[in-house]
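Architecture and fold: a report
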Amino acid sequence: MVIGAAAVTIMLQAAFYRHHLAAVVLTLLGLALSLASLLPASRYLPRPVTPLLVLDRFALFYVGLILAACIGVTLLSYGYLKIRTGEYEEFYALLLLATLGAMVLVTSSHFVSFFLGLELLSVSLYVLIAYVRTEGRPLEAGLKYLILAAASSAFLLFGMALIYAQAGTLAFGGAASWVRAGTDAPSLYLMTGLALMITGIGFKLAVVPFHMWTPDIYEGAPAPVTAFVATVSKGAMFAFALRFFNQTEGHGYRSLTLVFSLMAIASMFAGNLLALMQDNVKRILAYSSIAHLGYLLVALLAAGSLAVEAVTFYLVAYFVTTLGAFGIVAVLSGREGDADAMADYRALFWQRPGIACVFTAMLVSLAGIPLTAGFVGKFFIVTAGIGSALWGLVLVLVLNSAIGMFYYLRIIVTMFSQPSAGHLATTPAPLPAYTHGGAMVLAVLMLLLIWLGVFPGFMLRMIQQTAQSLL
């Protein structure tokens, strides 16, 4: 309700008084109020909210994660958009609506609310990706996302219809009860419906073979929107998949686990190998995200509470590092376009050592180096995989982690390479997209990355309570 009211308030503000900073303040106020409301709400858990939504510790944790990420995206967006011509008040209303869609996804207990949340998120993203309409690449990316996301929604909708035709209910709990009570082999309706749903979910998560849109969208979208797509959109969909997989006891279906295993292996290899061939930083991070979703699928396939804890911790670490990486791209971007070419990062350390060090820390965390949040997250996934005897997937994960280090190190080496003659003496130009808010976001993310990597105990205890509510 708070997020919805904030979006309406910003639309009214844009109608009567256009002011970019005022829209940002209203957005942050709405997000902060919503985040603060989670604490009193936690005293009344679990609680169904109509037959469509459920508010339990699992949902509350992910809602908090989504809101915190959106605060970071908002602060980064202000600096990114203020240097561009145009009116950007509606951008923040759309950002709030997309956040609301993601919140509906993680609280869904019914296919109807799931589809409504997904469409609210997707329709807002169509516009957000193409919002900087004075440039060609965002428009192209928005159009591609519109066509492909619409196709994936059609698959999802048809899959849900087939499952409803078989189970006679759209509630997750009802469908799960019907599956558990069934004594016959799974019917053609059910298997086809599940296959279509996996297609739709696979597209939203951008796992192989439904990953083709990711590099183009990541490259074309404004850097803060890319950060939102990479974290909030994918994180909310994975949280939904985790809840649905556990409630329907997906581990019991050999064919289903085989499909997810093949997708995990293909995502890890394709994401890492294709990232090695890229010269564009946003495309490297796009292929890297495909590989990271493959790692997460390994944890999804592991059964038990450790699997839920591993997925949740890894997503927290992934949110921190990915927001930080795209936050650097946003801060370095100028009026002419995003700083996504490898040349934009050459000898960055010698001109802007602070930014280069933060970006290095984010890349090191994505590579899974010790003393970072990424290492602890990957350690938990490996532990969950070994605990469920997924030896083959764990070996593939370790091998791909080694492959992934090459392209992360390539960016780091570029940043620390020696400047050319006369380059060092040149005073670096001021960063047009720099704001105190953006700098604060990067500083907080840097601290979180180290804190989660060195002292993960507090976060782990919180995640363990979250996992218990799902099982």
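Residues numbered from 1 in each chain as written. Predicted model: local features only at pLDDT ≥ 70, side-chain atom pairs only at ≥ 80, totals over all residues. Heavy atoms only, no water.

As for the pattern of salt bridges
By the definition in use, this model includes 13 salt bridges. Notably, a salt bridge pairs Arg283 with Glu219, separated by 2.7 Å at the nearest N-O pair. With Arg283 in helix H13 (residues 281-301) and Glu219 in helix H10 (residues 213-220), this pair connects stretches of sequence that are 64 residues apart. Residue class for Glu219 comes out buried when judged on its relative accessible area of 18%. Each of Arg137, Glu140, Lys144, Asp216, Glu219, Arg283 and Asp340 takes part in a single network of salt bridges with overlapping partners. (Salt bridge = Lys/Arg side-chain N within 4 Å of Asp/Glu carboxyl O. Helix = DSSP H or I, 4+ residues; strand = E, 2+ residues; numbered from the N terminus. Buried < 20%, exposed > 50% of the residue type's maximum accessible area, 1.4 Å probe, protein only.)

Side note on unusual backbone geometry
Most peptide bonds take the trans configuration, and most residues that are not glycine carry a negative phi. Across the junction of Val208 and Pro209, the peptide omega takes the value 10°, indicating a cis bond. In this structure, Pro209 sits in the loop between helix H9 (188-205) and H10.

Comments concerning the environment of Val207
Tracing the chain through its elements places Val207 in the loop between H9 and H10. Separated by 248 residues in the primary sequence, Val207 and Phe455 place their C-alpha atoms 31 Å from one another. Each residue touching Val207, except ones within four places of it in the same chain, is listed here: Gly202, Met263, Ser267, Leu293 and Leu297. (Contact = heavy atoms within 4.5 Å.)

Here we look at the nonpolar core
Counting 163 residues, the largest nonpolar core has Tyr62, Phe114 and Tyr345 as the members making the most contacts within it. With 20 residues, helix H14 (residues 305-332) is the largest single contributor of residues to this core. The contacts of Tyr62, once residues within four sequence positions are left out, are Val106, Ala239, Leu242, Val311, Thr312 and Leu315. (Core = buried A, V, L, I, M, F, W, Y, C linked by side-chain atoms within 4.5 Å.)

Concerning the side chain of His110
Position of His110 among the secondary structure elements: in the loop between helix H5 (89-107) and helix H6 (111-129). Exposure remark for His110: the relative accessible area of 13% places this residue in the buried category. A polar contact of 3.2 Å, which involves the side chain of His110, links it to the backbone nitrogen of Val112. With residues near it in sequence (within four places) discarded, His110 still touches Pro51, Leu52, Leu170, Ala171 and Phe172. (Polar contact = N/O pair within 3.5 Å; in protein donor to acceptor, adjacent residues only side chain to side chain.)

These figures come from the coordinates and say nothing about function on their own.
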